[in-house]
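Examination of the molecular architecture
The lines below spell out each chain.
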Amino acid sequence: MSHHIPSIGFISLGCPKALVDSEQIITRLRAEGYAIQPDYKSSDVVVINTCAFIDDAVEESMQAIAEALNENGKVIVTGCLGAKQGVVEKSFPDLLAVTGPHAADEVMSAIHQHLPPDTDPKLSLIPPGGIKLTPRHYAYLKISEGCNHRCTFCIIPSLRGDLVSRPVADVMDEAEGLISAGVRELLVVSQDTSAYGLDTRYRDEFWRGKPLKTRFLELSRALGELGAWVRLHYVYPYPHVDDAIPLMAQGVILPYLDVPLQHANYDILKAMKRPANAENVLRRIEKWRDICPDITLRSTFIVGFPGETEQQFEELLEFLEVAQLDRVGAFAYSPVDGATANALANPVAEEIKQDRLQRFMQVQEKISEQKLANRVGRVEEIIIDGEDEEGFIGRSKGDAPEIDGMVFIEGGHDLKAGDIVRAKITASNAHDLWAEIQKP
Ligand code: SF4
């Protein structure tokens, strides 16, 4: 007699933090013997982890829900859009359940209610390190949830609440498990990585019999000592971030800092409720580069924030020229339902926003091109991500997966994802590098 395995279709939308939520739910589903299916037809129930960060993401999530209801009919919604429960339920009254983000327990109980697990223990096997949605050689490590800031353009605190740091021993256990399952690069994520432990008053815990503080610096060092590449994302520019730069210079963690600055003009930063002194930031960048000359600085900016004048925008362009950041992302401001910035005076017209975005990217592209050209001739370590018909593709220590550039490798043999090789940079453009493998 054929045995029906309860099957879940899982759709994960949104940012790396949402991906971590998805991984946790999928890990638990697999541990309980559910199968994860790639299509609606073979799924008994579909779970959609939604995103609501910007209007486009809301639209994408709403479309995904409509499609799943249409194709399958039994749908559970979780994630940031789910936090706006009224909105989702009003549009889709036939959903089985709706939960907010970071609600693995609620999602699991909704699944149990509508599709009880199979009790065959053979189906409950789970690979070490859980189920990863990222390739096996890198993994996102979420260290906290929520945020104590109230940036006026952002609704994350209202969706996810104030900062709640994970116990440091749990984070370390997870990191160790991932590394023993083959992960070579840990991408540390949260809403506010440098605030880690603030809510616990930097509680002392024990890990491997030794005291370890629930704090950004101590966690960074302890993770670095596990032997994998450790990359810090979403680092709010607090002064104590400076303390982590020597760890980068010493090779304990990657010389890479993803520090969203958002703008450079004092009044705009104040209106955003962000730290508002660009002079200080420039001084600190200079200091970081003195301590760790190889540091790669990534940042994101918003152009066309309400009230931004041409002069304020030009100040931002000047900041870019002086700061010479390595990797930069930019967005034209778009009002997010529920953000306090929506009420600010003098919104910038759409065509001006788009024009500024283009000018911003042109300035940064030249900087990026020059910065990458300066690396030609250097020998660097490259982590292999995969290969295409032309050869192996990897990333340098200065490239985070999915958001930064790639390194196209000439001359590799028998390499597999996660291998780390030494290669000489031979060419560059505004985004990517080309490199030749060096003989050991
Ligand atoms: S620090 Fe980040 S997550 Fe927190 S409110 Fe500001 S933009 Fe949102």
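You'll find the structure just up there.
Residues numbered from 1 in each chain as written. Predicted model: local features only at pLDDT ≥ 70, side-chain atom pairs only at ≥ 80, totals over all residues. Heavy atoms only, no water.

Take the site of the ligand next. Every residue close to the ligand is listed here: Cys147, His149, Cys151, Phe153, Cys154, Ile156, Pro157, Gln191, Tyr236 and Arg274. Grouping the constituent residues of the shell around the ligand by class yields seven nonpolar, two polar and one charged. (Near = heavy atom within 4 Å. Nonpolar A, V, L, I, M, F, W, Y, C, P; charged D, E, K, R; others polar.)

This part is about the pattern of salt bridges. A side chain with one charge can pair with a side chain of the opposite charge if their charged atoms come near. Going through the model one piece at a time under the given rule, you end up with 29 salt bridges. We note a salt bridge from Asp21 to Lys142, for which the minimum N-O separation is 2.7 Å. Of the two residues, Asp21 is situated in helix α1 (residues 16-31) and Lys142 in strand β6 (residues 138-142); the sequence distance between them amounts to 121 residues. As a salt-bridge pair, Glu350 and Lys353 come within 3.3 Å of each other at their nearest N and O atoms. Taken together, the positions of Glu350 and Lys353, both in helix α13 (residues 350-373) and three residues apart, correspond to about one turn of that helix. Take Glu350: its relative accessible area is 44%, and that puts it in the partly exposed class. Among the residues examined, Lys353 registers a relative accessible area of 5% and is labelled buried. (Salt bridge = Lys/Arg side-chain N within 4 Å of Asp/Glu carboxyl O. Helix = DSSP H or I, 4+ residues; strand = E, 2+ residues; numbered from the N terminus. Buried < 20%, exposed > 50% of the residue type's maximum accessible area, 1.4 Å probe, protein only.)

Turning to the side chain of Arg327, a few remarks are in order. With respect to the helices and strands, the residue Arg327 is situated in strand β15 (residues 327-332). At 3.1 Å, the side chain of Arg327 forms a polar contact with the backbone oxygen of His431. (Polar contact = N/O pair within 3.5 Å; in protein donor to acceptor, adjacent residues only side chain to side chain.)

So, about helix α2 (residues 55-71). The terminal C-alpha atoms of α2 lie 24 Å apart, and with 17 residues this matches the ideal 24 Å at 1.5 Å per residue to within 8%. All of the buried residues along α2 are Ala57, Ser61, Met62, Ala64, Ile65, Ala68 and Leu69. The arc that holds the buried residues of α2, viewed along the axis, is 160°, so those residues lie on one side. Across from the buried face of α2, at angles greater than 90 degrees, the exposed residues are Asp56 and Asn70. Gly73 occupies a position one or two residues after α2 and carries a positive phi of about 100°. (Expected span 1.5 Å × (residues − 1). Arc of directions from axis to C-beta.)

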